[in-house]
Amino acid sequence: MSRYLIKRLLLIIPTFLGISLITYSMVRLAPGDYTSLRATGGGELKTTAAAKQAMEEERKLYGLDRPIMFGYAEWLGKMLTLDFGISRKDGRPVSARIAESLPITLALNVISMVLVYIISIPAGILSALWKDSLYDRASSVVLFILYSLPSFWVGLLLLLLLSGGEFLNIFPLGGIVSDVPGPVPWWRLAGDVIWHLVLPVVTLTYGGFAFLARYMRANLLEVISQQYITTARAKGLGVRRVLFIHAFRNSLVPLVTLMASILPGLLGGSVIIESIFSVPGMGLLAYEAILSRDIPVIMAIASISAVLTLVGILVADVMYSVVDPRIRLEAKV
Amino acid sequence: MSALRGYWLNVWIQFKKNRLALGGLAVVGVLFFVAVFAPLIANDRPYVYVSESRAYFPIFFNYPELGDIDLRSEKIKGFKLFPPIAYSYSEYDLDSIVLPPSGAHWLGTDEQGRDLAARMIHGTRVSIMVGFIAVFIYVSIGIAVGAMAGYYGGMVDMIVSRIIEIVICFPTFFLILTMLALVGPSLVNVMVVIGITGWTGIARIVRGEFLKLREMEYVQASRSLGVRDAVIIFRHMLPNSLAPVLVSATFGIASTILIESSLSFLGFGVQPPTPSWGDILSQSRDFMDFAWWLTLIPGFFIFITITAYNLVGEGFQDAINPRAFRSKR
């Protein structure tokens, strides 16, 4: 096991270097000298001495006046010490802005991920258990529809139907907390935040849920068709026992790796969902940074989310090797 | 070759058994028709206009003598045959802004009084173009890269696999947004950026197929006969590994259309005045509290389109993999 772990950890290094090199070359290859593409809103800022100095600092951060390899090495060093430079928008350190928004996005995604697994595993099992029943057919249709629904449309429709407008007014329009003056007891605050998070979480969850439940069903049916299941049935075990003891555990294996493939999608999806519901997380930060060409912020988010994804894939791989010994045995050979 | 033709015929026979997939294919066909003939379906000029002296075909030709006159006006007498939707996609009318669907405007109008139906019909062109061209770009890259890795194996395979792993780690949607922010949003850039970020799935499939195929006797035989690598790869191995690639490409079109509309929704896609479904949906956000048609209709079109491609993809998948097909029934 430890040998597999070490090998897997070492493999991360070239991947990380590759990711950071691509990220870095995006700044280098941007058409023109990108520091001259100063935020469109800050036209008058351009002439001030302070802005000139900020631009100079940015050129230094990315080593733009140096050969690419040196610039890259230096930039990488700064990334590793979490020095992402200064945001062009408000002049605050990028790391501070990210420290504010990252927890919100992580919380949203973790909640949604947990919900996805909690709902879709039983839903998929029931479908496979009652294959071709009315439930199975109905849920197949519903899941297929959910799977094809564009999340930004669902988000807008939820707002349209449930947050004011001509219809119901149950949920707040956006943000993560109400604007109430004065101190609020923590349980009220918590309730308020949860209330604000309902619609974003629903929008973030339904797609992954539809995908995973369909996958779970197909996967379980695949396992059931294996010979050892037939053997278990032939020696007289009941359907339920075979399903839950023999089939279920084996069908869980691919679900572990799926987590890794859902992860990058969730971060991308946050951009859309957070901008619809005005949730002040990484997605909204990224969206606003891209709109105002706040390159230090864009670069920091690109690096961080790539590293997070890398970690997610690593965790999934290690878990995979825990549940399926064949993987690490193969790696040993 | 005839064996191969027999294979595809079989796939089609299997595919035809799946009614939902056939329905999806029909929707795709209709969308194609609408995209190709959009200017003939929604246009402010008539197909035919017969005045006292002669016949005009304003939709097909320009007539300087007709000038800018609006032939829809009641004052102009003569025989006129208009397209089903007698509005162009860019024509604004400030007297009829944000109108709900009615006899005059089947799907209502937007904030500049433009006919929503005309804009939806012309928007079909963008989604189909981006869907097919971007997927074509990344399928080509994926086949080239995957075939190389699978055919040569060893060191080449190691390097390619590592590159694939690196590209997968990037949150694709965010990468696309960042690149578009740097190169500037436009129809061509959207297609190229989606094309160069989306190839990893195809490359993995092709690599896997080629790793299997290169041990086959016919490939070994071709090699020992001294056939060039390129011929073995493209003429002998590729046709035998194409089916899963095409299935994946069909699903790819669905997700590319989704990405394009998300990009346009965020304002990084196709730029106005070219109508795009995502952009129309995004415009609706300012009038969301009362103009339900502006939210409902574009989203519904996107949904139906994605569903149709997904249904075709599923039918296709079941058709090339009869074992899975049987277990599904």
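Residues numbered from 1 in each chain as written. Chains lettered and ligands numbered in written order. Predicted model: local features only at pLDDT ≥ 70, side-chain atom pairs only at ≥ 80, totals over all residues. Heavy atoms only, no water.

Student: Lay out the overall build of chain B with the relevant residues and their values.
Tutor: When helices and strands are counted, chain B shows 13 helices and three strands. Buried residues in chain B amount to 50% of all 329 residues. Summarising the internal contacts of chain B: among those between residues at least 6 apart in sequence, 67% fall at separations of at least 24. When the accessible surface of chain B is summed, it comes to about 15500 Å², and 65% of that surface belongs to carbon and sulfur atoms. If the 26 positive side-chain charges of chain B are averaged to one point and the 24 negative ones to another, these points end up 14 Å apart. (Helix = DSSP H or I, 4+ residues; strand = E, 2+ residues; numbered from the N terminus. Buried < 20%, exposed > 50% of the residue type's maximum accessible area, 1.4 Å probe, protein only. Contact = heavy atoms within 4.5 Å. Areas by Shrake-Rupley, 256 points an atom, 1.4 Å probe, with all protein chains shown as cover. Lys, Arg positive; Asp, Glu negative; His and termini not counted. Charge placed at Lys NZ, Arg CZ, Asp CG, Glu CD.)

Student: Explain the overall build of chain A to me, using residue names and the numbers behind them.
Tutor: Check the secondary structure of chain A and you find twelve helices and zero strands. Counted from the first residue to the last, chain A has its helices and strands arranged as α-α-α-α-α-α-α-α-α-α-α-α. Across the 333 residues of chain A, 47% fall into the buried class. Counting contacts in chain A only where the partners sit at least 6 residues apart, residues at least 24 apart contribute 72% of the total.

Student: Got a sec to walk through the interface of chain A and chain B? Specific residues and values, please.
Tutor: Residue-level contacts link 50 residues of chain A with 44 residues of chain B. Approximately 4200 Å² of surface area, both sides summed, lies buried where chain A meets chain B, with 76% of it carried by carbon and sulfur atoms. The interface formed by chain A and chain B includes one salt bridge. Of the charged contacts, one joins Arg214 of chain A and Glu314 of chain B as a salt bridge, the two residues approaching to 2.5 Å between their closest N and O atoms. Seen at the junction of chain A and chain B, the total is six residue pairs in polar contact (both at pLDDT 80 or more). Mapped onto the side of chain A that touches chain B, the elements with two or more residues apiece are α1 (2–29), α5 (134–148), α6 (151–162), α7 (186–224), α9 (239–277), α10 (282–291) and α11 (295–323) of chain A. In terms of residue class, the side of chain A that touches chain B is built from 33 nonpolar, ten polar and seven charged. (Buried area = accessible area lost by both parts, 1.4 Å probe. Salt bridge = Lys/Arg side-chain N within 4 Å of Asp/Glu carboxyl O. Polar contact = N/O pair within 3.5 Å; in protein donor to acceptor, adjacent residues only side chain to side chain. Nonpolar A, V, L, I, M, F, W, Y, C, P; charged D, E, K, R; others polar.)

Student: Quick one: what's the story with the domain arrangement of chain A, residue by residue and with numbers?
Tutor: Residues and elements named next belong to chain A. According to the domain assignment, chain A contains domain 1 (31–83) and domain 2 (94–332). Between domain 1 and domain 2 lies a buried interface of about 650 Å² when both sides are counted; carbon and sulfur atoms form 68% of it. Where domain 1 meets domain 2, there are zero salt bridges. Residue composition of the side of domain 1 that touches domain 2, by class: seven nonpolar, no polar and one charged. (Domains from an automatic or database assignment.)

Student: Tell me what's going on with the nonpolar core, and back it up with residues and numbers.
Tutor: Within the largest apolar cluster, 145 residues are counted, with the highest numbers of intra-cluster contacts made by Tyr62 and Ile98 of chain A together with Leu263 and Leu266 of chain B. Here this core gets 14 residues from one element, more than from any other, and that element is helix α4 (residues 116–152) of chain B. In contact with Ile98 of chain A, not counting residues within four places along its chain, are Pro103, Met282, Leu285, Ala300, Ile301 and Ile304 of chain A. If you look at the next biggest cluster of nonpolar residues, it comprises 19 residues, including Tyr117, Ile125, Ala128 and Leu255 of chain A. (Core = buried A, V, L, I, M, F, W, Y, C linked by side-chain atoms within 4.5 Å.)

Student: Residue-level account of the side chain of Thr109 of chain B, with values.
Tutor: Residues and elements named next belong to chain B. Among the secondary structure elements, Thr109 is positioned in the loop between β3 (79–81) and α4. Assessed through its relative accessible area of 0%, Thr109 is described here as buried. Not counting residues within four places of it along the chain, the set of residues in contact with Thr109 comprises Ser96, Ile97, Val98, Leu99, Arg114, Asp115, Leu116, Trp293 and Leu294.

Student: Any chance you could break down the packing of aromatic side chains for me, citing the residues and the numbers?
Tutor: Under the counting rule described, the total for this entry stands at 20 aromatic pairs over all chains. Pairing Trp12 of chain B with Phe15 of chain B gives two aromatic rings, centres 5.7 Å apart and planes at 20°, and the pair type is stacked. You can see Trp12 of chain B and its partner Phe15 of chain B sitting in helix α1 (residues 2–16), three residues apart, about one turn around the helix. Using a relative accessible area of 38% as the deciding quantity, one classes Trp12 of chain B as partly exposed. With a relative accessible area of 6%, Phe15 of chain B lands in the buried category. Taken together, the ring pairs connect Tyr24, Tyr72 and Trp75 of chain A into an aromatic cluster. Over the ring of Tyr147 of chain A we find Arg214 of chain A, and its NZ or CZ is 5.1 Å from the ring centre. (Phe/Tyr/Trp six-rings, centres within 6.5 Å; stacked < 30°, edge-to-face > 60°. Lys NZ or Arg CZ within 6 Å of the ring centre and 35° of its normal.)

Student: Could you give me a rundown of the domain arrangement of chain B, with the residues and numbers involved?
Tutor: Taken as a whole, chain B is organised into domain 1 (2–39 + 116–328) and domain 2 (44–82). The C-alpha-based centres of domain 1 of chain B and domain 2 of chain B are spaced at 42 Å.

Student: Break down α5 of chain A for me, with residues and values.
Tutor: Taking 1.5 Å per residue as the helical rise, α5 of chain A with its 15 residues ought to reach 21 Å, and the 22 Å between its terminal C-alpha atoms agrees with that figure. Burial in α5 of chain A covers these residues: Asp136, Ser139, Leu143, Phe144, Leu146 and Ser148 of chain A. Considering only its buried residues, α5 of chain A is in contact with α4 (94–129) and α7 of chain A together with α12 (292–320) of chain B. (Expected span 1.5 Å × (residues − 1).)

Student: Could you give me a rundown of the pattern of salt bridges, with the residues and numbers involved?
Tutor: Residue and element names in this part refer to chain B. One pass over the structure, following the stated rule, counts eleven salt bridges over all chains. Here Arg119 and Asp110 are joined by a salt bridge, their closest N and O atoms 3.7 Å apart. By relative accessible area, which is 3% here, Arg119 ends up buried. When its relative accessible area of 6% is taken as the criterion, Asp110 is described as buried. We note a salt bridge from Glu165 to Arg162, for which the minimum N-O separation is 3.6 Å. Note that Glu165 and Arg162 are positioned in helix α5 (residues 154–169) at a spacing of three residues, about one turn of the helix.

Student: Can you tell me about helix α2 (residues 19–36) of chain B, naming the residues and giving the values?
Tutor: Residue and element names in this part refer to chain B. With 18 residues, α2 extends 26 Å from end C-alpha to end C-alpha; this agrees with the ideal 26 Å at 1.5 Å per step. Buried within α2 we find Ala21, Gly24, Val28, Leu31, Val34 and Ala35. Along α2, the residues classed as buried sweep out an arc of 140° about the axis, all on the same side. Looking at where α2 begins, the residue whose side-chain oxygen comes 3.3 Å from the main-chain nitrogen of Leu20 is Asn18. (Arc of directions from axis to C-beta.)

Student: Summarise the sheet that holds strand β1 (residues 48–50) of chain B; cite the residues concerned and give the values.
Tutor: Residue and element names in this part refer to chain B. Taken in spatial order, the three strands line up as β2-β1-β3 in an open sheet, and their pairing is antiparallel. Two strands bound the open sheet, and with one partner strand each, they are β2 (55–56) and β3. Alignment of β1 against β3, held across three bridges, turns out to be antiparallel. Across the sheet, Val48 pairs through a bridge with Leu81, a residue of β3. (Pairing = 2+ DSSP bridges.)

Student: For empty space enclosed by the protein, give the residues involved together with the corresponding values.
Tutor: The tally for this structure, following the rule as stated, stands at three cavities of 30 Å³ or more. In this structure, the largest cavity spans a volume of roughly 70 Å³. The wall of the largest cavity is formed by Leu267, Gly268, Val271, Met282, Gly283, Ala286, Ile301 and Ser305 of chain A together with Pro171 and Phe174 of chain B. Of all the elements in the fold, those that place two or more residues in the lining of the largest cavity are α9, α10 and α11 of chain A. Taken together, the residues of the lining of the largest cavity sort by class into seven nonpolar, three polar and no charged. Considering each element in turn, the lining of the second largest cavity owes the most residues, four residues, to α7 of chain A. Of the residues in the lining of the second largest cavity, the class split is seven nonpolar, three polar and no charged. (1 Å grid on protein atoms, 1.4 Å probe; cavity = no way out; pocket = protein on both sides within 12 Å on 5 of 7 lines; lining within 4 Å. Points joined across faces, edges and corners; volume = space filled by probe spheres on them.)

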